[in-house]
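# Fold and geometry: a report
Residues per chain, in single letters:
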Amino acid sequence: MSERALHVHFPSLVRAVPMATLGAFPTPVMPLPGLRERLGAGTPELWVKRDDQSAVAYGGNKVRTLEVLFAEALAQGATRIVSTGAFGSNHAAATVLHARRVGLEPGALLFPQPQSAAARENLAVTVTHGARVEELPHWSFLPYGLARAHLLDKQRRERSYVMVPGGATPLGALGYVSAAFELAGQVARGELPAPRAVVLAVGSTCTTAGLLLGFTLAARLGLGFRVPPRVVAVRVTPWPVTSHARIVQLALRAAELMERYGALGSAQGSTGSLSAPGRAELEAGLHVDGRYLGLGYGRVTPGGLDAIARFTLDGGPPLDTGYSGKSGAAFLDLARDAAEGPLLFWATKSSAALPPAFEAGPSGLGRDRSVLRDLPRMRAFLEAG
Ligand SMILES: Cc1ncc(COP(=O)(O)O)c(C=O)c1O
């Protein structure tokens, strides 16, 4: 277990909310002068938070959530950790590539999604490195899949900790409350100016809700910023999953959890007592933008492709078509129109090289293509590329 910003600022959470050490934090913050120059005179300062580099094995936004959820799984005595999501889920890929590092066996319960190269790459890695990877015909079969997994556990006398898609629970969101405090600390140390807005992709809402709560709390403590940066959440899954109300609700539930553990309310944080923010305060700090979703989750958009090319040419982090390309497109439009900055892009897609698929790794773990015999939908998905 290592020191995370959440623990530094809320010592009562060290015991209550332990975190497994998966990532390398703080992740760097960097200016984006190339992008700014390309957009022309009057463009505000542009910055990026490199959560794409959050871990060597596999980075991106999911690592912070997994640090909390893996620790919770271990505390509950689980031996297996199961992710749920779409075939190309980054959450599932991150889970299979990190779980064994903390002694958990990784499983996944996945349903089909639209085709893309990134989704195929993730699925190949998930199937290769996962232990009990199962396919469902459609997301609506999730309850059936969960019941089956529970039954299998009972038969085998195993204990699995099953995560909801994206790990979007109040506990999972605390990983991103920590990230918000990490950024606030970087601002306080003068590593970057206080951003007026932070732009990121919103899918399951976990990352956005955590940042929203964290920025609000950090600003109240006067850490880094006096006014919290406005969170601009760019939809990569449709309403109502990413409704404004749902995101705020998750942030409120995460605040309740912090209250329950004595970090908010009358209890003392390291910097003084701090009460939980109310709904109206959180609502005001969040803008949800649905204009970049295109035809839906996992669908490639022209704006996303353009953002991927621009970021690559002008010194930004690598983006993907399903998530960060869409938030990248929104970031560029905001930068063009913004009267004031600085603006910060939160890079959420891992830029770590994926391990080879369908080959045993150095540890002897890893499975070959024969595993696809029992996974016909996944095989067809992988072969369509
Ligand atoms: C690369 C990437 N960016 C952004 C998101 C959205 O994060 P969240 O699901 O926490 O809303 C995801 C979710 O899977 C993701 O994989």
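Residues numbered from 1 in each chain as written. Predicted model: local features only at pLDDT ≥ 70, side-chain atom pairs only at ≥ 80, totals over all residues. Heavy atoms only, no water.

## Notes on helix α5 (residues 90-98)
We apply this condition: To sort residues, take the accessible area from a 1.4 Å probe on protein chains only and compare it with the maximum for the residue type: under 20% means buried, over 50% means exposed, and anything in between is partly exposed. Counting from the N terminus, the helices are DSSP H or I runs at least four residues long and the strands are E runs at least two residues long. Any two residues whose heavy atoms approach within 4.5 Å are treated as being in contact.
Burial analysis of α5 places nine of its nine residues in the buried class, which makes it a mostly covered element. Taken as a whole, α5 has its buried residues at Asn-90, His-91, Ala-92, Ala-93, Ala-94, Thr-95, Val-96, Leu-97 and His-98. Those residues of α5 that are buried lie in contact with α4 (62-75), β3 (80-86), β4 (105-111) and α6 (117-129).

## Overview of the site of the ligand
What counts here: By convention in this text, a residue qualifies as near a molecule or strand provided that one of its non-hydrogen atoms is within 4 Å of it. In the analysis that follows, any N or O atom pair within 3.5 Å is treated as a polar contact, provided that within protein one partner can donate a hydrogen and the other can accept it, and provided that, for residues neighboring in sequence, both atoms belong to side chains. Think of a 1 Å grid over the protein atoms and nothing else: a 1.4 Å probe that fits but is trapped marks a cavity, an open set flanked by protein within 12 Å on at least five of seven lines marks a pocket, and residues with an atom within 4 Å of a point count as lining. By definition, a pocket or cavity contains a molecule when more than half of the molecule's atoms lie within 2 Å of the pocket's grid points.
Taken together, 13 residues lie near the ligand, and Asn-90, Gly-203, Ser-204, Thr-207 and Thr-348 sit nearest. Interatomic distance of 2.6 Å between a side-chain N/O atom of Ser-204 and an oxygen atom of the ligand. Within the backbone of Cys-206, a nitrogen or oxygen atom sits 3.4 Å from an oxygen atom of the ligand. Applying the majority rule of atoms within 2 Å of the grid points places the ligand in the largest pocket.

## Examining the layout of surface pockets
Keep this limit in mind: Grid points are joined across faces, edges and corners, and a volume is the space filled by probe spheres set on the points. Residue polarity is assigned by list, with Asp, Glu, Lys and Arg as charged and Ala, Val, Leu, Ile, Met, Phe, Trp, Tyr, Cys and Pro as nonpolar; anything else, Gly included, falls into the polar class. In this entry, domain limits derive from an automatic or database-based domain assignment.
In this structure, the largest pocket encloses a volume near 1000 Å³. Lining the largest pocket are 42 residues, with Pro-165, Gly-203, Ser-204, Thr-237 and Val-241 positioned closest to its centre. Mapped onto the lining of the largest pocket, the elements with two or more residues apiece are β3, α5, β7 (197-202), α9 (206-221) and α10 (244-260). Here the element with the most residues in the lining of the largest pocket is α10; it accounts for four residues. Of the residues belonging to the lining of the largest pocket, the class tally is 20 nonpolar, 17 polar and five charged. Of the domains in this structure, domain 1 (5-61 + 169-346) and domain 2 (63-167) are the two that each give at least three residues to the lining of the largest pocket. The calculated volume of the second largest pocket comes to roughly 400 Å³. Lining the second largest pocket we find 23 residues, and of these Arg-196, Ala-197, Arg-230, Val-232 and Leu-343 sit closest to its centre. Those elements giving two or more residues to the lining of the second largest pocket turn out to be β7, β8 (230-235), β11 (286-289) and α13 (324-337). Element by element, the count of residues in the lining of the second largest pocket is highest for α13, at five residues.

## Overview of the domain arrangement of the protein
Test applied: Defined here as a combined quantity, buried area equals the accessible surface (1.4 Å probe) lost by two parts on assembly, summed across both. A pairing counts as a salt bridge when a side-chain nitrogen of Lys or Arg comes within 4 Å of a carboxyl oxygen of Asp or Glu.
When its domains are assigned, the protein resolves into domain 1 (5-61 + 169-346) and domain 2 (63-167). When each unit is reduced to the centre of its C-alpha atoms, the spacing between domain 1 and domain 2 is 24 Å. Each side of the interface is counted separately: domain 1 has 32 residues, and domain 2 has 28 residues. For the domain 1 and domain 2 pair, buried surface summed over both sides reaches about 2400 Å², with 61% attributable to carbon and sulfur atoms. In this structure, the connection of domain 1 to domain 2 is made through two salt bridges. Its salt-bridge partner being Arg-64, residue Glu-182 comes within 2.9 Å of it at the nearest N-O pair. No other element matches the six residues that helix α8 (residues 170-188) contributes to the side of domain 1 that touches domain 2. When its residues are assigned to classes, the side of domain 1 that touches domain 2 shows 15 nonpolar, 13 polar and four charged.

## Describing empty space enclosed by the protein
Scanning all chains against the criterion turns up two cavities of 30 Å³ or more. If you add up the space inside the largest cavity, you get close to 80 Å³. What lines the largest cavity is a set of 14 residues, among which Gln-113, Ser-116, Ala-119, Gly-322 and Tyr-323 lie closest to the centre. Ranked by residue count, the leading element in the lining of the largest cavity is α6, at three residues. Looking at the lining of the largest cavity residue by residue, the class counts come to four nonpolar, eight polar and two charged. Taken together, domain 1 (5-61 + 169-346) and domain 2 (63-167) each give at least three residues to the lining of the largest cavity, which thus spans both. Size it by volume and the second largest cavity reaches roughly 50 Å³. Forming the walls of the second largest cavity are Arg-80, Val-82, Ala-108, Leu-109, Arg-132, Glu-134 and Ala-149. Those elements giving two or more residues to the lining of the second largest cavity turn out to be β3, β4 and β5 (132-135). Split into classes, the residues belonging to the lining of the second largest cavity amount to four nonpolar, no polar and three charged.

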